[in-house]
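Below, each chain spelled out in residue letters.
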Amino acid sequence: MTITITLEETGSKGRYVARVEGQAETGEMTYSRLSATRIIVDHTGVPDSLKGMGVGSALARNIVEEARAKGFTIIPLCPFLKAQVDRHPDWADVIEGLKPASR
């Protein structure tokens, strides 16, 4: 199973769209851009037909990788992303308000 994630951005709003090979419906993670270096993730949506396929986790990993590559930080207002952040203290470098794990 392949999950492909693409970015759609209009002005200060954007969303990452996850498409699963062989599935008609898509998952999404939406955000608002506060500045060139800060975004608020406000929603993650995965339809029932895609539940259990790792779509939400793939979207969360994708936004963290994008933040690292493009140099922005994430304010996780979305409950799903907040829960993922709690499980991944190694994401603290791009999550606003989290202290990086001591090494």
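These notes cover the structure that comes with them. Since this is a predicted model, take the numbers as computed values, not measurements. (Residues numbered from 1 in each chain as written. Predicted model: local features only at pLDDT ≥ 70, side-chain atom pairs only at ≥ 80, totals over all residues. Heavy atoms only, no water.)

## Details of helix α1 (residues 55-70)
Going by this rule: By the criteria applied, helices consist of DSSP H or I runs no shorter than four residues and strands consist of E runs no shorter than two, each listed in order from the N terminus. A helix is expected to span 1.5 Å for every residue after the first. Using a 1.4 Å probe on the protein chains alone, a residue whose accessible area is under 20% of its type maximum counts as buried, one over 50% counts as exposed, and one in between counts as partly exposed. Residue contacts are counted whenever heavy atoms from the two residues lie within 4.5 Å of one another.
Relative to the 22 Å expected for 16 residues at 1.5 Å per residue, α1 spans 22 Å between its end C-alpha atoms, a close match to the ideal helical length. Where α1 is concerned, the buried positions are V55, G56, A58, L59, A60, N62, I63, V64, E66 and A67. The secondary structure elements touched by the buried residues of α1 are β1 (3-10), β2 (13-20), β3 (26-35), β4 (38-45), β5 (73-76) and α2 (79-87). Downstream of α1 by one or two residues, G71 has phi in the positive range, about 75 degrees.

## Examining the packing of aromatic side chains
Cut-off, in case you're wondering: Pairing of aromatic rings covers Phe, Tyr and Trp, the last through its six-membered ring, and needs centres within 6.5 Å; plane angles under 30 degrees mean stacked, over 60 mean edge-to-face, and all others mean tilted.
Applying the stated rule across the entire model yields 1 aromatic pair. For the ring pair Y16 and Y31, a centre distance of 5.8 Å and an interplane angle of 35 degrees mean the geometry is tilted. On the criterion of sequence distance, the pair formed by Y16 in strand β2 and Y31 in strand β3 is long-range, its members being 15 residues apart. Taken individually, Y16 and Y31 each receive the classification buried, so the pair is uniform in this respect.

Note that every value here comes from positions in space, so none of it alone points to a role or purpose.
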